[in-house]
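Now for the letters of each chain:
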Amino acid sequence: MAFDDVRFFGAAIFTDSNDPDGPWATVLVDHSDEEPWFRLTTTDPTGSDVSVAAMAETERLMRFILTEQPERIGRTRPNPPAS
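Given the structure is predicted, the values throughout are model-derived calculations rather than measurements.

Parameters and conventions
Residues numbered from 1 in each chain as written. Predicted model: local features only at pLDDT ≥ 70, side-chain atom pairs only at ≥ 80, totals over all residues. Heavy atoms only, no water. Helix = DSSP H or I, 4+ residues; strand = E, 2+ residues; numbered from the N terminus. Buried < 20%, exposed > 50% of the residue type's maximum accessible area, 1.4 Å probe, protein only. Contact = heavy atoms within 4.5 Å. Areas by Shrake-Rupley, 256 points an atom, 1.4 Å probe, with all protein chains shown as cover. Polar contact = N/O pair within 3.5 Å; in protein donor to acceptor, adjacent residues only side chain to side chain. Pairing = 2+ DSSP bridges. Lys, Arg positive; Asp, Glu negative; His and termini not counted. Salt bridge = Lys/Arg side-chain N within 4 Å of Asp/Glu carboxyl O.

Novice: So what exactly am I meant to see when it comes to the overall build of the chain here?
Specialist: Looking only at helices and strands, the chain features one helix and four strands. The order of helices and strands in the chain, counted from the N terminus, is β-β-β-β-α. Put simply, the chain has 83 residues, and 24% of those count as buried. The long-range fraction of contacts in the chain, counting pairs at least 24 apart against all pairs at least 6 apart in sequence, stands at 35%. Looking at the chain as shown, the accessible area adds up to about 6,100 Å², and 54% of this sits on carbon and sulfur atoms.

Laid out in structure tokens, this is it:
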């Protein structure tokens, strides 16, 4: 992942543990201005099972990062409401 003051972008690459030299599933990640704050694109035009699983895993990772570790991609944690 890379980021600047405005947006973040990157890619997640997954291999099949049973065929590590086979085709890799690559998911591109890009900043979005509306929830969930990121956009995912697979580079596999066939939508193979490996790519579908990679998309789901990348979405899970991005939600975790934005919720638990936003500073890793140049974001700040939201302030809790004052009580």
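Novice: Looking at this structure, how should I read the side chain of T58?
Specialist: Looking at the element boundaries, T58 is found in helix α1 (residues 49-68). Within the structure, the side chain of T58 is placed 2.8 Å from the backbone oxygen of A54, a separation counted as a polar contact. The residues contacting T58, other than those within four sequence positions of it, are A12, F14, V27, V29 and L40.

Novice: I would appreciate a short explanation of the sheet that holds strand β4 (residues 38-42) in the present structure.
Specialist: Whenever strands of a sheet pair, they do so through backbone hydrogen bonds, lying parallel or antiparallel. Here four strands make up an open sheet; going across it, the order is β1-β2-β3-β4 and the pairing antiparallel. Single-partner strands in this sheet number two, and they are β1 (2-3) and β4. As paired elements, strand β2 (residues 8-14) and strand β3 (residues 25-31) share six bridges and run antiparallel to each other. Across the sheet, the residue bridging to F14 is A25, located in β3.

Novice: What is the right way to read the side chain of D44 from this model?
Specialist: Within the secondary structure, D44 sits in the loop between β4 and α1. Lacking a salt bridge, the buried D44 has R39 as its closest oppositely charged neighbour, with an N-O distance of 19 Å. Here the side chain of D44 touches S51 through a polar contact of 2.7 Å, side chain to side chain.

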